[in-house]
Structures are given as C-alpha cells and as structure tokens.
Amino acid sequence: MGELRGATDIGAYLISTRSSDEYRAMFALSDADLRGRVLDCPGGGASFTAAARAHGTAAFAADPAYATPPPELVARLDAELACGSAWATANAERYVWRFHGDPAGHARLRADSAATFARDLLGSPGRYVAAALPHLPFRDGAFDLVLSSHLLFTYADRLDAASHVAALRELARVGAEVRVYPLVDQAGRTLPQLLDHVLAGLDAAGVRARVDDVPYEFQRGARSMLRLRSASSRPADTPPARVCGPRAPDPGRREWPA
Ligand SMILES: C[S@@+](CC[C@H](N)C(=O)[O-])C[C@H]1O[C@@H](n2cnc3c(N)ncnc32)[C@H](O)[C@@H]1O
C-alpha cells in the first residue's frame with residue numbers, strides 16, 4: 001500500500017465498482033433523468049445498470065472489459081477492489097469523506113456494489129456490451145442519456161486532448177444528452193487546458209457543452225460535471241431507437257435545459 005501514497009497514477013485502468021447512489025450524486029440524477037434509455041460508458045464494475053434496471057430503466061453498460069468472459073471478469077473484481085481501496089486509504093487526505101464516512105465505509109460500499117454488478121452481469125449479460133471509445137456499436141441517438149464516469153479526464157495522463165474530443169463526440173452521437181464526471185485527473189488535479197481544448201473541439205463539431213455543479217465531492221475539488229447535447233438530439237417523448245436495430249426517424253430537437 002505504501003507505494004500508492006502520494007502517487008499520481010493508479011496504474012492500468014482500474015475496473016472500479018461505484019454504486020448507484022454514487023452515480024446519482026455525481027451526475028445529479030433525478031428520477032425523471034432515468035425514464036428513458038440510459039448508457040453507462042465505461043460501466044466497469046459499477047452497479048448503476050443493475051440498480052437502474054431494478055427501477056425499470058432500460059439501462060445498458062459498455063466497456064472493453066466486457067469482452068472478458070463474465071465469470072473471469074467477476075473473479076478479477078476482488079483484486080480491483082483491493083487496489084482501489086489501497087489507493088483511497090493511502091491517499092485519504094486527497095478525499096472528502098462526507099459520502100463514504102471513511103476508507104472502511106468506502107471499501108464496504110464498493111464491495112456491495114461489485115456483488116450487485118456481478119449478479120447482474122452473470123444473470124443478464126446482454127446488458128453489458130463489450131466496446132471501447134471512441135467507437136461504440138450503437139446507432140445515432142440510441143440513448144436518451146449517457147453517463148461517463150472516471151475514464152475521461154481521470155486518465156488524462158494517457159488519453160490526449162484529441163482522444164477526449166473523439167470519445168466525447170462519440171458519446172454525443174449515441175446519446176441525446178451526455179454527462180461526464182469528474183473533470184479532474186486521478187491525483188485530483190484540475191485540467192483547465194484540456195477542458196478548454198475539449199470545449200473548443202466540441203463547439204467546432206456542433207456539440208453543445210457546458211459545465212455544471214454537482215452535489216457530490218469525493219476527490220477534493222471535483223464538484224462539477226460536463227454536460228453535452230448534440231445538435232441532432234431527439235425529443236424526450238419519442239420512442240427510443242433500438243440499441244442495435246433500425247433507428248426511429250428524428251422528428252426534431254429538444255431544447256438544451258436552461
Ligand atoms: C475507473 S473505471 C470506471 C468504471 C465506472 N464508470 C465507475 O465509475 O465505477 C474505468 C473503466 O474504463 C474502461 N475503459 C478503458 N478504456 C476504455 C475505452 N477506450 N472505452 C471505454 N471504456 C474504457 C476500463 O475497462 C474501466 O472499466
């Protein structure tokens with residue numbers, strides 16, 4: 001655990017297992033936000049999709065990790081949990097513990113979430129799609145809402161600005177609305193240059209973007225999300241397109257929320 005203290009990089013992409021409550025808080029989600037089709041990308045080992053399904057949301061998750069056979073992926077989760085917990089414990093001063101209580105509470109929440117994810121993955125593997133940004137196997141506008149947590153910005157050490165713009169354009173292609181959190185890197189550093197570059201790239205591509213506050217802070221200072229709406233978004237009351245099937249005609253645009 002000692003070598004993680006003060007580190008700025010957790011190593012390979014961690015398959016983390018955030019809970020649905022963490023998703024609700026970090027993306028400022030309301031019940032109304034979850035009425036349509038929702039994609040979690042990257043889904044990792046998060047229990048958001050399982051929990052949203054239990055409440056009737058047509059939720060899917062996409063992640064390259066889902067190319068791993070489900071029993072094998074589930075077997076990896078203990079090691080991923082241990083790595084995430086060791087990092088949070090060794091670097092506890094970098095976090096705000098209001099939500100989780102303390103490192104032990106954090107470890108319990110993430111372990112419960114991993115168990116929920118594992119049950120759902122093994123029982124309903126069709127909800128978990130093996131795919132990697134910037135190329136998702138979904139039709140334009142297939143989802144009403146796309147959530148993207150702890151890949152973009154988080155791994156700015158290995159994903160350059162062009163990769164961020166390409167990934168965000170792809171998320172905006174498949175979703176009427178996209179929410180991305182956090183906007184800091186693994187070490188909690190703000191990324192003003194990257195954010196400026198991303199906003200300019202999205203603007204040039206016709207994707208409307210803005211930064212909103214959220215009622216959640218775990219990494220110190222990570223209190224905002226990026227929200228995107230593509231120019232071709234369809235209205236909320238249109239039947240959602242099938243994820244991989246023919247797309248419904250686009251009858252118009254919904255206004256970007258004020
Ligand atoms: C830190 S986890 C976040 C998982 C989940 N969103 C959460 O917050 O618990 C990062 C995830 O990004 C996935 N990932 C890595 N490269 C990716 C790519 N090109 N496209 C989509 N997901 C990717 C990894 O497999 C890993 O599951």
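Because the structure is predicted, anything quoted here is derived from the model rather than measured.

**Side note on the overall build of the protein**
Alright, step 1. In terms of helices and strands, the protein carries 6 helices and 7 strands.
Alright, step 2. Listed N to C, the secondary structure of the protein is α-β-α-β-α-α-β-β-α-β-α-β-β in terms of helices and strands.
Alright, step 3. Here the protein, with 258 residues, has 44% of them falling under the buried criterion.
Alright, step 4. Sequence-distant contacts in the protein: of pairs separated by 6 or more residues, those separated by 24 or more amount to 73%.

**Re the sheet that holds strand 5 (residues 175-181)**
Alright, step 1. Reading across from one edge, 3-2-1-4-5-7-6 is the order of the 7 strands in this open sheet, with mixed pairing throughout. Since the sheet does not close on itself, it has two edges, and those belong to strand 3 (128-129) and strand 6 (207-213), each with one partner.
Alright, step 2. Examined bridge by bridge, strand 6 and strand 7 (residues 224-230) share 7 bridges and lie antiparallel to one another. Following the sheet pairing, R210 is matched in strand 7 by R227.

**Concerning the nonpolar core**
Alright, step 1. Within the largest apolar cluster, 64 residues are counted, with the highest numbers of intra-cluster contacts made by V146, L168, L171 and L228.
Alright, step 2. Looking at which element gives the most residues to this core, the answer is helix 5 (residues 161-174), with 6 residues.
Alright, step 3. With residues near it in sequence (within four places) discarded, L228 still touches L168, L171, A172, E177, V178, L202, V207, R208 and A209.

**Observations concerning the packing of helix 5 against helix 6 (residues 192-204)**
Alright, step 1. In contact at an axis separation of 9 Å, helix 5 and helix 6 are set at 45° when each is read in the N-to-C sense. As far as their axial angle goes, helix 6 and helix 5 are oblique. Once helix 5 is placed against helix 6, the crossing between them reads as right-handed. In this structure, helix 5 contributes A161, H164, V165 and L168 to the contact, and helix 6 contributes L194, H197, V198, G201 and L202.
Alright, step 2. Classifying every residue of the contact of helix 5 with helix 6 gives 6 nonpolar, 3 polar and no charged.

**Overview of the environment of F117**
Alright, step 1. Looking at where F117 falls in the secondary structure, it is placed in helix 4 (residues 103-123).
Alright, step 2. For F117 and A50, which are 67 residues apart along the polypeptide, the C-alpha to C-alpha distance reads 6.3 Å.
Alright, step 3. Filtering out sequence-adjacent residues up to four positions away, F117 remains in contact with T17, G45, A46, S47 and A50.

**As for the site of the ligand**
Alright, step 1. Taken together, 18 residues sit near the ligand, with S16, R18, P42, G44 and L133 positioned nearest.
Alright, step 2. Partitioning the shell around the ligand into residue classes produces 11 nonpolar, 5 polar and 2 charged.

**Some points on the pairing of strand 4 (residues 143-149)**
Alright, step 1. Counted residue by residue, strand 4 has 7 buried out of 7 residues, so it is predominantly covered.
Alright, step 2. Pairing of strand 1 (residues 37-40) with strand 4, which is carried by 3 bridges, proceeds in the parallel orientation. From the neighbouring strand, L39 faces strand 4, where its bridge partner is V146.
Alright, step 3. Summarising the sheet, strand 4 and strand 5 pair through 6 bridges and their orientation is parallel. Residue pairing for strand 5: S148 is matched across the bridge by V180.
Alright, step 4. Note on the crossover from strand 4 through helix 5 to strand 5: the handedness is right-handed.

Calculation rules
- Residues numbered from 1 in each chain as written.
- Predicted model: local features only at pLDDT ≥ 70, side-chain atom pairs only at ≥ 80, totals over all residues.
- Helix = DSSP H or I, 4+ residues; strand = E, 2+ residues; numbered from the N terminus.
- Buried ≥ 20, exposed ≤ 12 C-beta atoms within 10 Å, placed from the backbone.
- Contact = placed C-beta atoms within 7 Å.
- Pairing = 2+ DSSP bridges.
- Core = buried A, V, L, I, M, F, W, Y, C linked by C-beta atoms within 7 Å.
- Axes fitted to C-alpha atoms, helices over the stretch in contact; angles between N-to-C directions.
- Parallel < 35°, antiparallel > 145°, perpendicular 65-115°, else oblique.
- Left-handed = near helix turned anticlockwise from the far one by under 90°.
- Nonpolar A, V, L, I, M, F, W, Y, C, P; charged D, E, K, R; others polar.
- Near = placed C-beta within 6 Å.
- Right-handed = clockwise from strand over helix to strand, strands pointing away.

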